[in-house]
Amino acid sequence: MSFNTSSRQLPNTDETPPRDEPTPDPLADTATGAETNTDTATDTNTETDQDAAASGEGEAAAGAAPEISANDGAASSGSGAPEETPAEAEGPSPSPAKALAEADVQAPSPAEADVQAPSPAEAEGPTEPSAPADGSTAVGAPAGTEPGTGTVAPAEVGADADPSDSGSGVAASPAEEAPAGEVPDAAVGDGAGDGEEPPGDEPPGRGRWHGWRGRHPVAARTLAWSTTLVAATLVLFALLMPSHADKFRPAEFLRLPVEAIFGAALLIVLPRRPRIALSVAAGLVLGVLTVLNILDIGFNEYLGRGFNVVLDWSLFGDAQAYLQDTFGNDGALGIAALAVTLVIVILALLTLSVVRLGNLVARNTVTATRTTLVLAIAWVTCATLGVQYTGVPIASEHVALVVQDRAERVRQTLRDEAEFAKISKKDNFANTPPSQLLTDLRGKDMIITFIESYGRSAIEDPLMAPRVDATLTAENKKLTRAGFAAKSGWLTSATYGGSSWLGHSTFLSGLWINNQQRYRTVTAGDHLTLPGAFKKTGDYDTVGVMPGVQKAWPEQKFYGIDKLYDAHHLGYKGPKFSWSTMPDQYALAAFERLVHSKKHDKPLMSTIILTSSHQPWAPIPETVSQDQVGDGSVYNAIEKAGKRPADIITSSPKSKVEYGKAISYSVTSLIDYLVKYGNKNTVLIYLGDHQPIARVSGDHASRDVPVSIVAKDPKVLDRIADWGWTDGLQPEHNAPVWKMSAFRDRFLTAYGSTPHP
């Protein structure tokens, strides 16, 4: 028989001689050991609990036996008073023989039987005898205990612990067998510890969590239910999330998603591994759909359409460039990092949420099955009866419809690519001889100018129209005094809110270019453009003034432009105005200085793109006297005094006001240039490339933009008298509206071109 020297035994500290002490009762000792070393002892013997508390043993956490520490030994001897065992507190114990005789006479009650029942440790084998009464070190007392005092020697605290014993919580050591006739005490500890150190077969972190949960059960339950509620909320939000910002209303989130019902049914019946695999996959899919919905919201806000998963990835580079121009490199980098972090967080949270809910239904199969069945019946009932709340159907299949819509858009994109490749090869004027092109405009200096984001809303929106309309009226009077006249109408742009190059290519090519794939296809071919038509006659030099172009631009060849003046070739030394590289007034002055004022053997066909009205419309340049423009340095003070993008970018009313100012500035700059430098042979066509973003133009606004033709020669406008356009720079509300792609053929036909497909 061996003794467990790390088990705790209360030493006998009575000062009386051994002969005066009562003989310990083995049965009492056995009962006491069982009470102090099993997790049911606290319910059967109150006095034993008090003794254990006095000796510093503490309470067992979550049904686990307390661990032995140096503090326990110190607590047992700190008062200096002799401690009594439970048997001593009740009085002198009878001899073992007498105790056995009494046990035969009086049968114990059920409670007493529980108290006297041996612990599991006793059933496996005895551990150690009672402490001797002679004051010597008790067998089984903590290592380092001072003889006769029960005090733990500081140098020996914890020194005898055996690190290899991780299963019992008590270090075993060799010892002698107990004397015959003694009943050994039960071993202390069951390996669970007090929650601070888990058993050897359980991870330390999990042991600490179980210990905390045992000490704070209410807080643990509250945390668990709160986490489950958050997980369910996230999943439902992802299942019901709209793809348009204006559809975010409470009714959208009070629906029953059929996908959740089917998902719950699958998770209930699947075994553990397939269930977890399905949960992870479903969480990732929901995360991807949520990210795509967010992209849809952004694209609908800025471009008036949803995100195209096939074509629109290339636009992120342009978005990054826009952010750099608007917020600087650091701001753009921070926004990009935030966007990437958001995507990762969305994927992680939704995956963990679905896994948690899957585990929940697996642990509560009966309740989950009943709940799923009830929800399924409710969904079928609502779908059959067409139940709605504020016009929104209660029975939802939103995710299924979204996936179906995206799949259909992908199929349409792939089909459109092949179909447009055929369409772009058809051209009514492809084979028209040069002598039959634009015969009624020979000798005219042609200028085609795009004003960034100049849309119908600028003229008709109640908040912006007063300023813009007043500008158009004033500029029209300038034209009349200078001998010019104008006619104006509406064109429906192929783009909205951005992607200006789609509008440019649609207007100049006569093809409907409404996505990036079409743009790449048409610019890779030789379809005839308006600048190309003038160039084909052999009577024109073609130039392009494009301050927004800041890198290589291979499209120059497609458009038929001989000489390009981009942002790096206009001699500008002033500051940028957010995205716009230079004020429109300077770009037009540079055009006059570098191109128009020079002597030419041929008339010019000039394509000019003005950028000062590009979002975010802060800061906005101001008009300065022409002799002060110089190299643009004069704009430094104006840029510093202007508003910052952050001042207006989140406010629709403020954005509208600043947008109206920017449009007025661009129109004024253009008309001032024409009045100052135009002549009887000058013909100006100017238009907007697209409407501004929804924050300015409003939700579900049209894609219409104003277009005007201005000339001194009355014959030029007589050629389009049958178009029904409005006189002046401001088209009437009911003026004709054409698709932008229709302008090229109408224009070529009106000015003497003969179709030859």
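In case you missed it, the structure is sitting above this.
Residues numbered from 1 in each chain as written. Predicted model: local features only at pLDDT ≥ 70, side-chain atom pairs only at ≥ 80, totals over all residues. Heavy atoms only, no water.

A. The arrangement of the packing of aromatic side chains in detail. Counted according to the given criterion, the structure contains 24 aromatic pairs. With a centroid separation of 6.0 Å and 50° between ring planes, the pair formed by Phe-307 and Phe-316 is classed as tilted. Overall, Phe-307 belongs to the buried group, its relative accessible area being 1%. Note on Phe-316: relative accessible area 36%, which makes it partly exposed. (Phe/Tyr/Trp six-rings, centres within 6.5 Å; stacked < 30°, edge-to-face > 60°. Buried < 20%, exposed > 50% of the residue type's maximum accessible area, 1.4 Å probe, protein only.)

B. Examining the packing of helix 10 (residues 258-269) against helix 13 (residues 365-385) more closely. Interhelical geometry of helix 10 versus helix 13 gives an angle of 150° and a closest axis separation of 10 Å. Relative to helix 13, helix 10 is oriented roughly antiparallel. For the crossing formed where helix 10 meets helix 13, the hand is left-handed. The segment helix 10 lies against helix 13, with Val-258, Ile-261, Ala-264, Ala-265 and Ile-268 engaging Thr-365, Ala-368, Thr-369, Thr-372, Leu-375, Ala-376 and Trp-379. Tallied by class, residues from the contact of helix 10 with helix 13 come to nine nonpolar, three polar and no charged. (Axes fitted to C-alpha atoms, helices over the stretch in contact; angles between N-to-C directions. Helix = DSSP H or I, 4+ residues; strand = E, 2+ residues; numbered from the N terminus. Parallel < 35°, antiparallel > 145°, perpendicular 65-115°, else oblique. Left-handed = near helix turned anticlockwise from the far one by under 90°. Contact = heavy atoms within 4.5 Å. Nonpolar A, V, L, I, M, F, W, Y, C, P; charged D, E, K, R; others polar.)

C. Seen up close, helix 24 (residues 652-677). With 26 residues, helix 24 extends 37 Å from end C-alpha to end C-alpha; this agrees with the ideal 38 Å at 1.5 Å per step. Looking at where helix 24 begins, the residue whose side-chain oxygen comes 3.3 Å from the main-chain nitrogen of Lys-654 is Ser-651. (Expected span 1.5 Å × (residues − 1). Polar contact = N/O pair within 3.5 Å; in protein donor to acceptor, adjacent residues only side chain to side chain.)

D. Local environment of the pattern of salt bridges. For the structure shown, the criterion picks out 24 salt bridges. Salt-bridge contacts for Asp-427 lead to Arg-744; the nearest nitrogen and oxygen are separated by 2.7 Å. Here Arg-744 lies in helix 27 (residues 743-750) and Asp-427 lies in the loop between helix 14 (398-423) and strand 5 (445-451), a separation of 317 residues in the sequence. Considered together, Asp-427 and Arg-744 belong to a single accessibility category, that of buried residues. A single salt-bridge network, built from bridges that share partners, covers Asp-296, Asp-405, Arg-406 and Arg-409. (Salt bridge = Lys/Arg side-chain N within 4 Å of Asp/Glu carboxyl O.)

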